[in-house]
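# Structural overview for review
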Amino acid sequence: MTTLHRPGALDGALPAAFEALYPKVVDENEPDRFFCVLYRPSTESVDVCGSILVSTRDAPVGEREVAGEADLYPEPSFHYEPAPEDRRSSYGEHAFITTTTDGLVKWALTADTLYVAIQYRPGEVSPDELWRLVAEVHARAQKAG
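### Regarding the side chain of arginine 40
Its location among the elements puts arginine 40 in strand S2 (residues 34-40). A polar side-chain atom of arginine 40 sits 3.2 Å from the main-chain carbonyl oxygen of threonine 43. A distance of 3.2 Å separates the side chain of arginine 40 from the backbone oxygen of serine 45, its partner in a polar contact.

### Quick look at the sheet that holds strand S7 (residues 114-120)
Overall, antiparallel pairing links the seven strands, which are arranged S1-S2-S3-S7-S6-S5-S4 in an open sheet. Every interior strand has two partners, whereas the edge strands, strand S1 (22-25) and strand S4 (78-82), have only one. If you compare each strand with its neighbour and ignore which way they point, the axes differ by 15° on average. Summarising the sheet, strand S6 (residues 104-110) and S7 pair through six bridges and their orientation is antiparallel. Paired with valine 105 across the two strands is tyrosine 120, which belongs to S7. Sitting on the sheet, helix H3 (residues 127-144) touches strand S3 (50-56), strand S5 (96-102), S6 and S7, and the angle it makes with S7 is about 145°.

### A short note on the environment of glutamate 124
Looking at the secondary structure, you find glutamate 124 in the loop between S7 and H3. Looking at glutamate 124, the relative accessible area reads 35%, which means it is partly exposed. On a C-alpha basis, the gap between glutamate 124 and proline 15 in space is 8.4 Å, while along the polypeptide they are 109 residues apart. Not counting chain neighbours up to four residues away, the residues in contact with glutamate 124 comprise Ala17 and Glu129.

About the cut-offs
- Residues numbered from 1 in each chain as written.
- Predicted model: local features only at pLDDT ≥ 70, side-chain atom pairs only at ≥ 80, totals over all residues.
- Heavy atoms only, no water.
- Helix = DSSP H or I, 4+ residues; strand = E, 2+ residues; numbered from the N terminus.
- Polar contact = N/O pair within 3.5 Å; in protein donor to acceptor, adjacent residues only side chain to side chain.
- Pairing = 2+ DSSP bridges.
- Axes fitted to C-alpha atoms, helices over the stretch in contact; angles between N-to-C directions.
- Contact = heavy atoms within 4.5 Å.
- Buried < 20%, exposed > 50% of the residue type's maximum accessible area, 1.4 Å probe, protein only.

Take a look at the structure:
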């Protein structure tokens, strides 16, 4: 994950809605396992308009984990679905996506080796932009790992 901490590391894969925002990397105790950046409207602002959180996982996603996660939260503020079949070869057979809406939308992929959560304002990020960002994070993690 330390490669993601470099300024501009993900700029080419960022959703368009993040381009005008100011990134603030959150300092972590385990930068090789965890990465978080907050996106704000200005360098002085404390308002968060978006975020990217990435952490490594120690074990592949298991079927019990998938079922447990799906049962934790009620619809409609939480939505669970398996990762698309064409993505499972990259992210794991039991990889899944959760979406939570509470002011900001939080879209998260739980894969065999990574957890990637992206928060953004409703309607500002397309599914293609989410998958492009996840693919870039996954590629960088594979190179570093």
